[in-house]
Amino acid sequence: MAERDADRSVSQTVRAQLALRDLILSGGLRPGERISELQAVDAIGASRTPVRMALVRLEEEGLLEMIPSGGFMVKSFSERDILDSIELRGTLEGLAARLAAERGASVRELEPLRECLGQIDELIAEDPISIEAFSAYVTLNARFHALLAELSRSAPVIRQVDRASALPFASPSGFVMVQSALPEAHQILLIAQDHHRIVVDAIENREGARAESIMREHARLAARNLRAALRTRSHFNLVPASALIKTPGTT
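Note that the structure is predicted; figures quoted are calculated from it, not measured.

(A) Representation of the environment of Leu-83 in the model. Tracing the chain through its elements places Leu-83 in helix H4 (residues 79-103). When the C-alpha atoms of Leu-83 and Ala-222 are compared, they prove to be 8.6 Å apart, with 139 residues separating the residues in sequence. Among residues more than four places away in sequence, those in contact with Leu-83 are Ala-223, Leu-226 and Arg-227.

Rendered as structure tokens:
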């Protein structure tokens, strides 16, 4: 009975966390806006205990900042903040790839990654690539990165990769839709897919340093897309949660 109650409490907290995160990322709560526990309860219709835990978790994710006088404030992010987050994710994914290579992965364990690569190959065979294909790529790309982290067989590394990827602009697919609007969109996807293929090959051949370096380089494609987004307003509007990003002229 106690175990069932604990499971119910966790699921309620997760639902509250997802609801509040969606409210922030959709612009329902703006950067600098204060949100108290009671306001959050009213906003998402959850009870106080799961909301309290959800607010703490979102503060740990970096979406909220605790206010000394009580409550939380929605954070905003500078270009440097986002570039640092992308670099951190690349470093952690590089570590995951190195561990996967050094610890060894069987043909069977690599098969889901290869299947994912095959599906991505089918999408990027189009030139130009449709918006629908880019949307499908977002899902497949997220799956590839998740599978790669799991190959590390390290719970702490997987957990930290997940945390580093929690913000939409630090995730592996955070700027893919921006990329879709660039003239060199197809070329960048081909480079990204080549990185994917190289890291799988490096893991199979137990080349840890090679696997690590390619994933760190791979993350820098997101940094390239961020800079493109900041140059053009129409591109910037394609970024999930763009309202949280400080642009020139904002405080």
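(B) Broad picture of the nonpolar core. Val-199 and Ile-203 are the most contacted members of the largest nonpolar core, which totals 32 residues. Per-element tally for this core: the top contributor is helix H9 (residues 185-204), with 8 residues. Those residues within four positions of Ile-203 in sequence are excluded, and the remaining contacts are Ala-97, Ala-100, Ala-101, Ala-105, Leu-110, Leu-148, Leu-151 and Ala-211. Of all hydrophobic cores here, the second largest spans 31 residues; its members include Leu-20, Ala-40, Leu-58 and Val-74.

(C) Expanded view of the pattern of salt bridges. Under the defined criterion, the tally for this structure stands at 14 salt bridges. The partner of Glu-61 in a salt bridge is Arg-21, with the nearest N and O atoms 2.3 Å apart. Here Glu-61, found in helix H3 (residues 48-61), pairs with Arg-21, found in helix H1 (residues 2-25); they are 40 residues apart in sequence, far enough to count as distant. Residues Arg-98 and Glu-102 are paired through a salt bridge, measuring 3.3 Å at the closest nitrogen-oxygen approach. Of this pair, Arg-98 and Glu-102 both sit in helix H4, separated by 4 residues, roughly a single helical turn. For Arg-98, a relative accessible area of 23% puts it in the partly exposed group. Via salt bridges that share partners, Glu-87, Arg-216, Glu-217 and Arg-220 belong to a single interconnected network.

(D) Structural detail: H3. For H3, built from 14 residues, the straight-helix expectation of 20 Å at 1.5 Å per residue is met to within 8% by its first-to-last C-alpha distance of 20 Å. Residues Pro-50, Val-51, Ala-54, Leu-55, Leu-58 and Glu-61 constitute the buried set of H3. Angularly, the buried residues of H3 cover 140° about the axis, an arc narrow enough to put them on a single face. Where H3 terminates, the next one or two residues include Gly-62, which has phi positive at roughly 105°.

(E) Structural detail: the packing of helix H5 (residues 107-124) against H9. H9 packs onto H5 with a crossing angle of 165° between their chain directions and a minimal axis gap of 11 Å. Overall, the two elements H5 and H9 adopt an arrangement that is roughly antiparallel. For the element pair H5 and H9, the recorded crossing hand is left-handed. Here H5 contributes Leu-110, Leu-113, Arg-114, Leu-117, Ile-120, Asp-121 and Ile-124 to the contact with H9, which in turn contributes His-186, Leu-189, Leu-190, Gln-193, His-196, Arg-197, Val-200, Ile-203 and Glu-204. Taken together, the residues of the contact of H5 with H9 sort by class into 9 nonpolar, 3 polar and 4 charged.

(F) Structural detail: the packing of helix H6 (residues 131-150) against H9. Orientation of H6 relative to H9, taken along the N-to-C sense of each, is 20°, at an axis distance of 12 Å. The angle between H6 and H9 places the two elements in the roughly parallel class. Here H6 and H9 pass one another in a crossing that is left-handed. When H6 is examined against H9, the residues Phe-134, Tyr-137, Asn-141, Phe-144, His-145 and Leu-148 are found in contact with a partner set consisting of Ala-185, Leu-189, Ala-192, His-196, Val-199, Val-200 and Ile-203. Of the residues that constitute the contact of H6 with H9, the class distribution is 10 nonpolar, 3 polar and no charged.

Rules and cut-offs
- Residues numbered from 1 in each chain as written.
- Predicted model: local features only at pLDDT ≥ 70, side-chain atom pairs only at ≥ 80, totals over all residues.
- Heavy atoms only, no water.
- Helix = DSSP H or I, 4+ residues; strand = E, 2+ residues; numbered from the N terminus.
- Contact = heavy atoms within 4.5 Å.
- Core = buried A, V, L, I, M, F, W, Y, C linked by side-chain atoms within 4.5 Å.
- Buried < 20%, exposed > 50% of the residue type's maximum accessible area, 1.4 Å probe, protein only.
- Salt bridge = Lys/Arg side-chain N within 4 Å of Asp/Glu carboxyl O.
- Expected span 1.5 Å × (residues − 1).
- Arc of directions from axis to C-beta.
- Axes fitted to C-alpha atoms, helices over the stretch in contact; angles between N-to-C directions.
- Parallel < 35°, antiparallel > 145°, perpendicular 65-115°, else oblique.
- Left-handed = near helix turned anticlockwise from the far one by under 90°.
- Nonpolar A, V, L, I, M, F, W, Y, C, P; charged D, E, K, R; others polar.

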